[in-house]
Amino acid sequence: MKKTCTHQPDCLKLIQRIIDREATPEEEAAFLANKEQCLPCQEGYELEQSLRKAIKSNCSSKCPETLFARIKAKLFVVLILISILIPLFC
Amino acid sequence: METSTQSVSMPRSNAQVLFEKEFMPHLDAMYNFALRLTNDEDDAQDLVQDTCMKAFRFIDSFEPGTYAKAWLFRILKNNFINDYRKKSRGPAKVEFEWVEQSFSGDEDQEPASHADLHAETVNEMLGDEITAAIQALPVDFRMIIILCDLEEFSYEEMARILDIPIGTVRSRLHRARAILKDSLAAYAKSKGYH
């Protein structure tokens with residue numbers, strides 16, 4: 001197992017593209033094979049995955065029901081206005 | 001508030017059905033994005049409402065079958081930049097304020113992060129600490145992290161939403177993550193995380 005990675009900046013970019021599902025299958029396969037032999041790449045991969053997971057589980061908020069109702073009510077008013085105004089100009 | 005009646009020319013029932021079917025399912029994601037951008041619940045609600053009304057007004061320019069969520073996020077982002085950016089609130093916790101202060105310079109530069117941060121440390125951190133670190137990022141970086149890591153837009157979709165070249169999406173995202181890691185590493189060190 002390698003303790004240092006001579007291509008670390010490039011590997012980090014590739015790790016992020018893999019996690020973002022933007023890498024090609026070939027790039028991903030090559031990295032995953034290399035990862036088993038390279039400690040910094042292994043740790044980098046785990047860190048990026050953890051960060052993604054932490055963001056997903058801690059940065060979500062649900063839309064308040066009152067906002068949902070307010071938008072529907074406003075839309076309803078707009079539609080009523082359209083149905084009244086359009087015949088006047090047609 | 002501007003009236004939303006001028007530009008809707010498709011039949012009323014079609015517009016309403018399209019709106020409810022294609023747009024309303026994305027309300028949670030839109031609210032969350034707005035909240036991350038404004039840092040304020042009331043501003044976030046106003047931003048989402050304005051975005052919905054604009055989307056309805058310009059519903060004729062939406063092509064059914066294309067990605068409604070990306071279209072809505074683009075309107076929301078433009079709305080935020082035009083009307084809300086100046087009054088958006090700062091980060092809630094002072095511990096991360098240095099991130100804003102220390103950031104400057106060209107976003108296409110290679111990120112300088114060599115943060116001593118490990119997956120175990122991130123896993124140990126509390127949700128509020130992660131959220132505060134995200135909220136302390138400069139808004140352009142916060143925006144791209146939310147779009148990518150939370151909403152899972154592709155680089156191409158993010159380029160369209162943000163009106164930037166795809167190369168800038170890559171470099172901005174890379175830099176945003178580097179700053180976030182630096183910030184979390186400094187915070188973890190100050191709080192005695194392993």
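Per an unreviewed UniProt entry, chain A goes by Phosphohydrolase and derives from Aquirufa echingensis.

For A:Arg21, which is not glycine, the phi torsion reads 60° and is therefore positive. Summarising the element assignment, A:Arg21 is placed in the loop between helix 1 (8-19) and helix 2 (25-35). The exposure class assigned to A:Arg21 is exposed, which follows from the 10 C-beta atoms found within 10 Å. Residue B:Asp163 is not a glycine yet carries a positive backbone phi of 60°. Position of B:Asp163 relative to the elements: it lies in the loop between helix 9 (155-162) and helix 10 (166-190). For B:Asp163, a count of 11 C-beta atoms within 10 Å corresponds to the exposed category.

The figure often quoted for interface size is the accessible area lost as the parts come together. Each side of the interface is counted separately: chain A has 33 residues, and chain B has 38 residues. Per-element tally for the side of chain A that touches chain B: the top contributor is helix 4 (residues 65-89) of chain A, with 12 residues. Here the residues of the side of chain A that touches chain B sort into 17 nonpolar, six polar and 10 charged.

Parameters and conventions
Residues numbered from 1 in each chain as written. Chains lettered and ligands numbered in written order. Predicted model: local features only at pLDDT ≥ 70, side-chain atom pairs only at ≥ 80, totals over all residues. Helix = DSSP H or I, 4+ residues; strand = E, 2+ residues; numbered from the N terminus. Buried ≥ 20, exposed ≤ 12 C-beta atoms within 10 Å, placed from the backbone. Contact = placed C-beta atoms within 7 Å. Nonpolar A, V, L, I, M, F, W, Y, C, P; charged D, E, K, R; others polar.

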